[in-house]
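# Residue-level structural notes
Each chain, letter by letter, is given below.
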Amino acid sequence: MSAPVPPDLEAYPVTLAPLPPEEGGGFVASFPDVPGCHGVGETEEEALADGRLALFACIDALKAADREPPAPGSAKA
């Protein structure tokens, strides 16, 4: 069971993509608004859950460093 993620983090857009077998397979969840923030898992659901935990950690680290986290949807397409 994964830890609950604050609801405001659910507003961040996420992309899910398959990983090629030569890279271990499974899926990667990425958050365009927070470069470098990714989660991985054997299934899309596992990758999303891991990604949400990574997003929480990234936002928490930015706040701890007195940096303003990016707003959800702020990444340029």
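This report concerns the structure included in the present document. (Residues numbered from 1 in each chain as written. Predicted model: local features only at pLDDT ≥ 70, side-chain atom pairs only at ≥ 80, totals over all residues. Heavy atoms only, no water.)

### What about the environment of alanine 75?
For clarity, the threshold we go by: Segments assigned H or I by DSSP are reported as helices when at least four residues long, segments assigned E as strands when at least two residues long, and all are numbered from the N terminus. Here's how the labels work: a residue is buried when its accessible area is under 20% of the maximum for its type, exposed when over 50%, partly exposed in between, all with a 1.4 Å probe on protein chains only. In what follows, a contact means two residues having at least one pair of non-hydrogen atoms within 4.5 Å.
With respect to the secondary-structure elements, alanine 75 resides in the segment after helix 1 (44-64). Relative accessible area serves as the criterion here: at 35%, alanine 75 is assigned to the partly exposed category. Separated by 44 residues in sequence, alanine 75 and phenylalanine 31 have C-alpha atoms that sit 9.2 Å apart. Ignoring any residue separated from it by four or fewer positions in sequence, one finds alanine 75 in contact with Pro32 and Asp33.

### Here's the deal with a negative patch on the surface
How we decide: Patch definition: residues with relative accessible area over 30% and no salt bridge; like charges joined within 9 Å; nonpolar side chains (Val, Leu, Ile, Met, Phe, Trp, Tyr) joined within 5 Å. Residue exposure ignores everything except the shown protein chains as possible cover, and the areas themselves are Shrake-Rupley values with a 1.4 Å probe. Salt bridge criterion: a side-chain nitrogen from Lys or Arg within 4 Å of a carboxyl oxygen from Asp or Glu. Only four residue types enter the charge count: Lys and Arg as positive, Asp and Glu as negative, with His and the chain ends excluded. For this purpose, a charge sits on NZ of Lys, CZ of Arg, CG of Asp or CD of Glu.
The grouping of Glu42, Glu44, Glu45 and Glu46 at the surface amounts to a negative patch. Structurally, glutamate 46 is set in helix 1.

### Some thoughts on the nonpolar core
Here is the rule we go by: By nonpolar core we mean a set of buried residues, namely Ala, Val, Leu, Ile, Met, Phe, Trp, Tyr and Cys, connected to one another through side-chain atoms within 4.5 Å.
Core analysis: the biggest nonpolar cluster contains eight residues, these being Leu9, Tyr12, Phe31, Val34, Cys37, Ala54, Leu55 and Ile59. If we ignore the near neighbours within four places in the chain, the residues touching tyrosine 12 are Phe31, Asp33, Val34, Arg52, Leu55, Ile59, Pro69, Pro70, Ala71 and Pro72.

### Some thoughts on the environment of threonine 43
Filter applied, for reference: For the purposes of these results, a polar contact is taken to be a pair of N or O atoms within 3.5 Å, where, inside protein, one atom must be able to donate a hydrogen and its partner to accept one; residues adjacent in sequence count only when each atom of the pair is a side-chain atom.
The topology assignment puts threonine 43 in the loop between strand 3 (38-41) and helix 1. For threonine 43, the side chain forms a polar contact with the main-chain nitrogen of glutamate 46, separated by 3.0 Å.

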